[in-house]
Amino acid sequence: MILDETFTLANGLPIPKLGFGTWFIEDGSAAQAVGEAISIGYRNIDTAQAYGNERGVGEGVRSSGVPREDLFVSSKLAAEIKDYSGAVAAIDGSLETMGLDYLDLMLIHSPQPWNDWRGGSYAEGNREAWRALEEAHDAGKLRSIGVSNFEQADLENILDACTVAPSVNQILLHVGNTPTELLDFCTDTNLLVEAYSPIAHGEILRNEEVAAIAVRYSVSVAQLCIRYAVQLGTVPLPKTTNPDHMRTNADVDFTISAEDMDALYGMRVTDYGKSGKFPVFSGK
């Protein structure tokens, strides 16, 4: 079963192949959602400072009844933090807010602040934030460190200066948005890719071409999209507060044919509806 399977990060740490995303889950609901996901079998839990729900996610982890060492818990440094001292304080703040002694993974959420998405250069600020992550890693506060939304030039900026290489790049990846060149670069540099919004923030559910392929496998569009991300060698992070959907999202132990993978790989989805207002869906 997919919930029992893992990839191995470049530093040797196992990471479950399927994660549980928590974007848009309010803090007051996060503990219950995380607890339900863990009871179903999820072991990879993802949050971020920007989500505003670290407290609830941490509570869900702590009260789950599953030993902490059996869980893989991630958070992200706020995109606006581009200095060393601010990053140090924020890392410690996440641990305190979540009530955890360590995180299995912490990422820089974006190479630019959200109000300057894909705008100016923050190369030095990202290196400073990375230095703080490296020190927290060396101190045992973070078992692995990585980035999110980083393009090749952003990654090269870190790789050229780091003492601890990033293990993960978490990016927007789904049927209709498969960044081939970035995926290849990550593979070549031993970076595991995590796929957020693997169902295109829900927009892919209305795609008739994808639905027709799903019918052939007797699965839902969501299941097909999650399986697609797994077969690409990435870790999808679907989000839901519905326990039934948590279960079906994890019921993806089928194989998409090479022909259908090629068809899905070649699709292009650029309209995210109302979600297009968010920087990551803006098309910049």
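Our subject is the structure listed above.
Small disclaimer: the values here were computed from a predicted structure and weren't measured. (Residues numbered from 1 in each chain as written. Predicted model: local features only at pLDDT ≥ 70, side-chain atom pairs only at ≥ 80, totals over all residues. Heavy atoms only, no water.)

**Q** Looking at this structure, how should I read the side chain of Gln170?
**A** By secondary structure assignment, the location of Gln170 is in strand β8 (residues 168-172). Note on Gln170: relative accessible area 1%, which makes it buried. A distance of 3.2 Å separates polar atoms of two side chains, one belonging to Gln170 and the other to Asp46. (Helix = DSSP H or I, 4+ residues; strand = E, 2+ residues; numbered from the N terminus. Buried < 20%, exposed > 50% of the residue type's maximum accessible area, 1.4 Å probe, protein only. Polar contact = N/O pair within 3.5 Å; in protein donor to acceptor, adjacent residues only side chain to side chain.)

**Q** Can you help me understand unusual backbone geometry in this one?
**A** Most peptide bonds are trans, and most residues other than glycine sit at a negative phi. Look at Arg118: it is not a glycine, yet its phi comes out positive at around 55°. In this fold, Arg118 is placed in the loop between β6 (105-108) and α4 (123-138). One non-glycine residue with positive phi stands out, namely Asn190, at about 60°. Within the secondary structure, Asn190 sits in the loop between α6 (180-188) and β9 (192-196).

**Q** How should the pairing of strand β7 (residues 145-148) be read in this particular structure?
**A** On any regular strand, side chains alternate: one points to one face of the sheet, the next to the other face. Along β7, one buried face is formed by Ile145 and Val147 and the opposite face, lined by Gly146 and Ser148, is buried too. With three bridges joining them, β6 and β7 adopt parallel strand pairing. Directly across from Ile108, in β7, lies its bridge partner Val147. Regarding the hand of the β-α-β motif, the stretch spanning β6, α4 and β7 is right-handed. Pairing of β7 with β8 involves two bridges; the strand directions are parallel. Across the sheet, Ser148 pairs through a bridge with Gln170, a residue of β8. Note on the crossover from β7 through helix α5 (residues 152-159) to β8: the handedness is right-handed. (Pairing = 2+ DSSP bridges. Right-handed = clockwise from strand over helix to strand, strands pointing away.)

**Q** I would appreciate a short explanation of the pairing of strand β5 (residues 72-77) in the present structure.
**A** For β5, a buried count of six out of six residues is recorded, marking the element as mostly surrounded by other parts of the structure. In this sheet, β5 lies alongside strand β4 (residues 44-46) in parallel orientation, the contact comprising three bridges. Bridge pairing in β5 places Asp46 opposite Ser74. This β-α-β element, β4 to helix α2 (residues 54-62) to β5, shows right-handed connectivity. Pairing between β5 and β6: four bridges, direction parallel. In the sheet register, Leu77 faces β6, and the bridge partner there is Ile108.

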